[in-house]
Amino acid sequence: MKIVFANSAWVSAAERLILRGGSWKSVRLRVRYGLILHPVAGPVLVDTGYTPEAVTRPGRGTMLRLYGALLRPELNAAEQVLPVLARFDLAPGDIRVVIVTHFHADHISGLSLFPNARFIASDAAWARLKARTAWQNLRHGVFTELFPADFERRLDGLSSKQQVAPHDGVPGGADLFGDGSVVAVDLPGHADGQFGLLFPDRKRPLLYAVDVQWLLSALKEERTPGFPASLLAEDFAAIEPTSVMLRRFLAAGGEVMFCHDPAPTQYDLGGEGG
Ligand SMILES: [Zn+2]
């Protein structure tokens, strides 16, 4: 099973906003998304990264434009999701599954590009989202205009999946394809319903831990940023226990990857690949 990550965009942030005790110098963060070539499920996307739908499309809502003006993501044309799929001889219609780790704009921006895809996501978080007003959702960092109109019909909720038990420092979770190759692991703290993906069969088991932290060094050196980053967290108090679980996984020999860490990994396009 091949696993590749690509960088949809760059976003700059002062280091001290994302690393406790960091400097004012600006760090250029990646905005990753993944592509899994699964032997049975076929090509599966892990989020979509930023695409023009969230960042440059003229008809965007006022709040989405404001969000873009504040964060100023720079789209990375060469590694946008459609050209990356083309490198693998894949068209948008070939994508039957998009795993949606959480509902922030840099993860759901391109969902509308995949008309044949089912969406594996937290159905519990989706139910909570539907119960909120548009303004309440904005406070959770969710721009509902980015969801395809038929998202719910195409939702394949995590709650229907078989659970895998944790063992020896390796977390448990929902077995997404029924073969134990991709396990959704709950990662409370950053966003409502956020989960990561455990690939237990790699030589070194990999846990894609999405947005638990921005930087791997914040995890390893226990430097979770406080205020004002804490304002952006869904449940700030949950970030520490989630980080402890990730450090235990690292200590047990696992590999942790984040969406935004700038350092290239072996799974990034152009790396040695998996
Ligand atoms: Zn996020």
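Thresholds, definitions, all that
Residues numbered from 1 in each chain as written. Predicted model: local features only at pLDDT ≥ 70, side-chain atom pairs only at ≥ 80, totals over all residues. Heavy atoms only, no water. Helix = DSSP H or I, 4+ residues; strand = E, 2+ residues; numbered from the N terminus. Rg over C-alpha atoms; globule rule 2.2 N^0.38 Å. Buried < 20%, exposed > 50% of the residue type's maximum accessible area, 1.4 Å probe, protein only. Contact = heavy atoms within 4.5 Å. Areas by Shrake-Rupley, 256 points an atom, 1.4 Å probe, with all protein chains shown as cover. Lys, Arg positive; Asp, Glu negative; His and termini not counted. Charge placed at Lys NZ, Arg CZ, Asp CG, Glu CD. Donors = N, O, S within 2.8 Å, 3.2 Å for Na, K, Ca; no water. Tetrahedral: all angles 85-135°; square planar, octahedral: opposite > 155°, others 65-115°. Pairing = 2+ DSSP bridges. Polar contact = N/O pair within 3.5 Å; in protein donor to acceptor, adjacent residues only side chain to side chain. Axes fitted to C-alpha atoms, helices over the stretch in contact; angles between N-to-C directions. Patch = residues over 30% accessible without salt bridge, like charges linked within 9 Å, V, L, I, M, F, W, Y side chains within 5 Å. Salt bridge = Lys/Arg side-chain N within 4 Å of Asp/Glu carboxyl O. UniProt positions renumbered as here; feature names shortened; annotations may be inferred. Phe/Tyr/Trp six-rings, centres within 6.5 Å; stacked < 30°, edge-to-face > 60°.

S.K.: Now, about the overall build of the protein: what can you tell me, with residues and values included?
M.R.: For the protein, the count of helices and strands is ten helices and 13 strands. The globule rule puts the C-alpha radius of gyration for 274 residues at 19 Å, and the 17 Å found for the protein is close to it. With respect to the three principal axes, the spread of C-alpha positions in the protein is 50 × 45 × 40 Å. Residue burial in the protein is summarised as follows: out of 274 residues, 55% are buried. A separation of at least 24 residues holds for 64% of the contacts in the protein among residues at least 6 apart in sequence. For the protein, the exposed area adds up to about 12100 Å²; of that, 55% sits on carbon and sulfur atoms. Each charge sign in the protein was given a centre, from 28 positive and 29 negative side chains, and these centres are 4 Å apart.

S.K.: Any details on the coordination of the zinc ion? Residues and values, ideally.
M.R.: For the zinc ion, the full set of protein donor atoms is His-102 (NE2), His-104 (ND1), His-190 (NE2) and Asp-211 (OD), and the range of their distances to it is 2.1 to 2.4 Å. Metal-centred angles of 88 to 176 degrees between the four donor atoms at the zinc ion mark the site as irregular. Between consecutive donor residues of the zinc ion, the sequence gaps follow H-x1-H-x85-H-x20-D.

S.K.: If you had to explain the sheet that holds strand β4 (residues 74-75) to someone new, which residues and values would you point to?
M.R.: If you walk across this open sheet you meet the seven strands as β4-β1-β2-β3-β5-β6-β7, and the pairing is mixed. At either end of the open sheet lies a strand with only one pairing partner, and these are β4 and β7 (155-157). Here strand β5 (residues 97-99) runs beside strand β6 (residues 118-121); their pairing, made up of three bridges, is parallel. In the strand pairing of β6, Val-98 is matched with Phe-119.

S.K.: Account for the environment of Asn-116, naming residues and giving values.
M.R.: Secondary-structure assignment places Asn-116 in the loop between α5 (105-108) and β6. Classification of Asn-116 as partly exposed rests on a relative accessible area of 40%. Residues Asn-116 and Pro-92, spaced 24 residues apart in sequence, show a C-alpha to C-alpha distance of 8.2 Å. Residues within four places of Asn-116 in sequence aside, it is in contact with Gly-93, Ile-95, Arg-96 and Arg-154. A polar contact is formed between the side chain of Asn-116 and the backbone oxygen of Gly-93, at a distance of 2.9 Å.

S.K.: Hey, could you go over the sheet that holds strand β12 (residues 206-208) for me, with residue numbers and the actual values?
M.R.: An order of β8-β9-β10-β11-β12-β13 is seen for the six strands of this open sheet, with the pairing classed as mixed. Each end of this open sheet is capped by a strand with a single partner; those strands are β8 (163-164) and β13 (255-257). With three bridges connecting them, strand β11 (residues 195-199) and β12 associate as antiparallel partners. Residue pairing across strands places Leu-197 opposite Tyr-208, the latter belonging to β12. On top of the sheet, helix α10 (residues 236-251) reaches β10 (183-186), β11, β12 and β13; it is set at about 135 degrees to β13, its chief contact.

S.K.: Explain a nonpolar patch on the surface to me, using residue names and the numbers behind them.
M.R.: A cluster of nonpolar side chains, namely Met-63, Leu-66, Leu-70, Leu-71 and Trp-135, defines an oily patch on the protein surface of about 540 Å² accessible area. The greatest single-element share of the nonpolar patch, amounting to four residues, is contributed by helix α3 (residues 62-71). When you line up the elements, Leu-71 lands in helix α3. Of the residues examined, Leu-71 reaches a relative accessible area of 35% and is grouped as partly exposed.

S.K.: Tell me about the UniProt feature "domain: Metallo-beta-lactamase" (unreviewed entry) in the protein, residues and numbers included.
M.R.: When the UniProt feature table is mapped to this numbering, "domain: Metallo-beta-lactamase" (unreviewed entry) covers residues 31-253. With 29% helix and 19% strand, residues 31-253 has its two end C-alpha atoms placed 26 Å apart.

S.K.: So what's going on with the packing of aromatic side chains? Which residues, and what values?
M.R.: Using the criterion set out here, one finds nine aromatic pairs in the structure. Here the aromatic rings of Phe-103 and Phe-151 are separated by 6.1 Å at their centres, their planes lie at 90 degrees, and the arrangement is edge-to-face. Of this pair, Phe-103 sits in the loop between β5 and α5 while Phe-151 sits in the loop between α7 (134-139) and β7, placing them 48 residues apart in sequence. Of the two residues examined, Phe-103 and Phe-151, each falls in the buried class. A centroid spacing of 5.0 Å and a plane angle of 15 degrees characterise the contact between Phe-119 and Phe-151, whose relative ring orientation is stacked. Residue Phe-119 is found in strand β6, and its partner Phe-151 is found in the loop between α7 and β7; the two are separated by 32 residues along the sequence.

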